[in-house]
Amino acid sequence: MPIEYEPIGTFHTDATDIPRHWSVSDITGRIIINEIYAKGLKDIQPGQKIIVLFHFHKSSEFDPNKLVQTPPHRHQAMGVFSICSPYRPNSIGLSVLEVIDIDKNVISVRRADMIDGTPILDIKPHIEDKHDCPSYRDA
């Protein structure tokens with residue numbers, strides 16, 4: 001069963017030395033959302049954290065020999081599903097970013113670990129507990 005996605009936007013940054021994970025990044029950039037999805041940014045606020053799903057568009061086609069890899073900061077081989085390698089069976093990345101500002105269809109963010117031109121697949125709210133969940137109802 002083929003699964004196809006269309007990007008909802010693109011990430012842009014002037015940075016060239018990109019950390020391998022958002023948790024160790026201070027890189028800033030802009031997510032430019034396609035105009036047809038701009039209304040969906042309603043209620044995203046500066047200071048909020050968002051989860052950004054993206055496509056590792058520069059990764060080579062996955063090779064089953066990469067199911068076990070040695071990350072650059074480790075001295076042991078680890079399974080691909082236990083690490084944050086961009087070489088994955090499905091080239092999907094996830095980052096938790098801090099919203100700096102939002103202007104129409106442009107979200108300025110901090111803590112990025114994506115390179116310039118990265119296709120954005122989806123944005124979700126970062127939920128830390130049930131009270132942050134938009135659908136939560138206190139009984």
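Everything that follows concerns the structure shown earlier in this document.
A brief structural summary.

Scoring rules and cut-offs
- Residues numbered from 1 in each chain as written.
- Predicted model: local features only at pLDDT ≥ 70, side-chain atom pairs only at ≥ 80, totals over all residues.
- Heavy atoms only, no water.
- Salt bridge = Lys/Arg side-chain N within 4 Å of Asp/Glu carboxyl O.
- Helix = DSSP H or I, 4+ residues; strand = E, 2+ residues; numbered from the N terminus.
- Buried < 20%, exposed > 50% of the residue type's maximum accessible area, 1.4 Å probe, protein only.

**Points about the pattern of salt bridges**
Oppositely charged side chains can pair when the atoms bearing their charge come close.
So, point 1. Under the defined criterion, the tally for this structure stands at four salt bridges.
So, point 2. Across the pair Lys49 and Glu128 runs a salt bridge whose closest N-O atoms are separated by 3.9 Å. Taken as a pair, Lys49 in strand E3 (residues 49-55) and Glu128 in the segment after strand E8 (119-125) lie far apart in primary sequence, 79 residues in all.
So, point 3. On the basis of relative accessibility, which here comes to 40%, the residue Lys49 falls in the partly exposed class.
So, point 4. Given the relative accessible area of 58%, Glu128 is considered exposed.
So, point 5. Residues Arg110 and Glu98 are paired through a salt bridge, measuring 3.2 Å at the closest nitrogen-oxygen approach. With a gap of 12 residues between them, Arg110 in strand E7 (residues 106-110) and Glu98 in strand E6 (residues 92-103) connect regions that are remote in the sequence.
So, point 6. Arg110 gets classed as partly exposed once you look at its relative accessible area, which sits at 29%.
So, point 7. Classification of Glu98 as partly exposed rests on a relative accessible area of 25%.

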